[in-house]
There are 2 protein chains.
Amino acid sequence: MEMARSHELVEGDTLRRDFGWALGVVFRAYLKAANEATGTLPGGPRGHQVLEASTRRPPVSQSVIAQEIGIDRTVMTYLLDDLEREGLLTRRPDPADRRSRQVVATDKGVERLEELRALILRAQDFVLQELDEVDRNSLRCLMQRSALRLDSLDPTAPCNVIQDIAAADQA
Amino acid sequence: MEMARSHELVEGDTLRRDFGWALGVVFRAYLKAANEATGTLPGGPRGHQVLEASTRRPPVSQSVIAQEIGIDRTVMTYLLDDLEREGLLTRRPDPADRRSRQVVATDKGVERLEELRALILRAQDFVLQELDEVDRNSLRCLMQRSALRLDSLDPTAPCNVIQDIAAADQA
DNA sequence: TATTGTTATACTCTATAACTATA
DNA sequence: TATAGTTATAGAGTATAACAATA
């Protein structure tokens, strides 16, 4: 029989004061809950995000979606194959650039997405169960603002964590 | 030449309104920045979290740390081997239970941890660069409260995302 | 020459199972 | 019988490189 961990911090508990730790715990809990929520959907939570992206107007390309949800374009190929096989979306050539293919949800895909959203919201409530409605909205808003900023950065650029330290030491 | 993504949401941009999407973006950005910050440390950000845990008093066991940072105990073995080989921590038998081993940071490990913390804070600043100091503290606090709650739950239990829906539909 | 999407391959990471020693 | 830690193996997931079509 193991003792349950306390919700409270104890003196010297530096791990659980770390933001990176909290982020990891919340992220893994979301993955677990969202995996339950998405059930048999190809790609699970990742498939849900692709479906969300495939309803955007004007339509976006495979590589844009891949970059936005943080996967490689080679992985996107297989994921779209699976979702297309289920009839949830289609790939169609971009009239403006024939190398590119636009990802568009089918009617069936939109229907499935409606159902998924209700379940995904449940998963989010599970993750944020500690917070009341006001705090949940604050957290969602702050996370979204942070994410939108990060999403707009050059994905190939380094974060300059080391460089900043060196510069700060010189000053 | 590709157009940079806007920080602003557009009509129908349902993906970037999703909390799961924001969580993923922030988490991946943290991993990227923390990887830069931890440099040659075995295990990278994960190694940092083990070091944080290995300063706790009273000392904790390998399996407790593994559960807390979300990795398998079999992975923990290799990670501790690497950190111990660098002289950053030691494993010693728990006098109260000779099956268990306590993980304790060495003086060298504590020193290294001090340096790491400054760099890790830079990584966190990178991730939260969009927010001012007040909002950063709000976000950190809300995330920590959520994480402490989730950390106290039974890790083998399901999230009951589906069950809750069925119950709600009946009501 | 650079980019999109595809495919095949190689690699890394993770999960599973088996084993020892303790409880 | 159950648990902590270790080890070896298998599987899943990911990254790399090469290719065809297009810009």
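The rules behind the values
Residues numbered from 1 in each chain as written. Chains lettered and ligands numbered in written order. Predicted model: local features only at pLDDT ≥ 70, side-chain atom pairs only at ≥ 80, totals over all residues. Heavy atoms only, no water. Pairing = 2+ DSSP bridges. Helix = DSSP H or I, 4+ residues; strand = E, 2+ residues; numbered from the N terminus. Near = heavy atom within 4 Å. Polar contact = N/O pair within 3.5 Å; in protein donor to acceptor, adjacent residues only side chain to side chain. Nonpolar A, V, L, I, M, F, W, Y, C, P; charged D, E, K, R; others polar.

Participant: Please clarify how the sheet that holds strand β2 (residues 89-94) of chain B should be interpreted in this entry.
Facilitator: Strand-to-strand pairing in sheets goes through backbone hydrogen bonds, with the strands running parallel or antiparallel. Read from one edge of the open sheet, 3 strands run β1-β3-β2 (chain B), paired in antiparallel fashion. Among the strands making up the open sheet, the edge pair consists of β1 (60-61) and β2 of chain B.

Participant: Looking at this structure, how should I read the sheet that holds strand β1 (residues 60-61) of chain A?
Facilitator: All names here are of chain A. Pairing in this open sheet of 3 strands is antiparallel, and the strands run β1-β3-β2 from one edge to the other. Looking along the sheet, the strands with just one partner apiece sit at the ends: β1 and β2 (89-94). As paired elements, β1 and strand β3 (residues 97-105) share 2 bridges and run antiparallel to each other. Counterpart to Val60 in the pairing with β3 is Val103.

Participant: What's the story with the protein's contact with DNA strand C in this structure? I'm lost.
Facilitator: Contacts to DNA strand C come from 17 residues, most closely from Gln62(A), Ser63(A), Arg73(A), Arg101(A) and Arg99(B). Backbone atoms, meaning sugar plus phosphate, form 57% of the atoms of DNA strand C positioned within 4 Å of the protein. Residue Ser63(A) places a main-chain N or O atom 2.9 Å away from a phosphate oxygen belonging to DNA strand C. Put simply, the parts of the chain that give the surface near DNA strand C at least two residues each are α3 (62-69), α4 (73-85) and β3 of chain A together with β3 (97-105) of chain B. With 4 residues, α4(A) is the single largest residue contributor to the surface near DNA strand C. In terms of residue class, the surface near DNA strand C is made up of 1 nonpolar, 7 polar and 9 charged.

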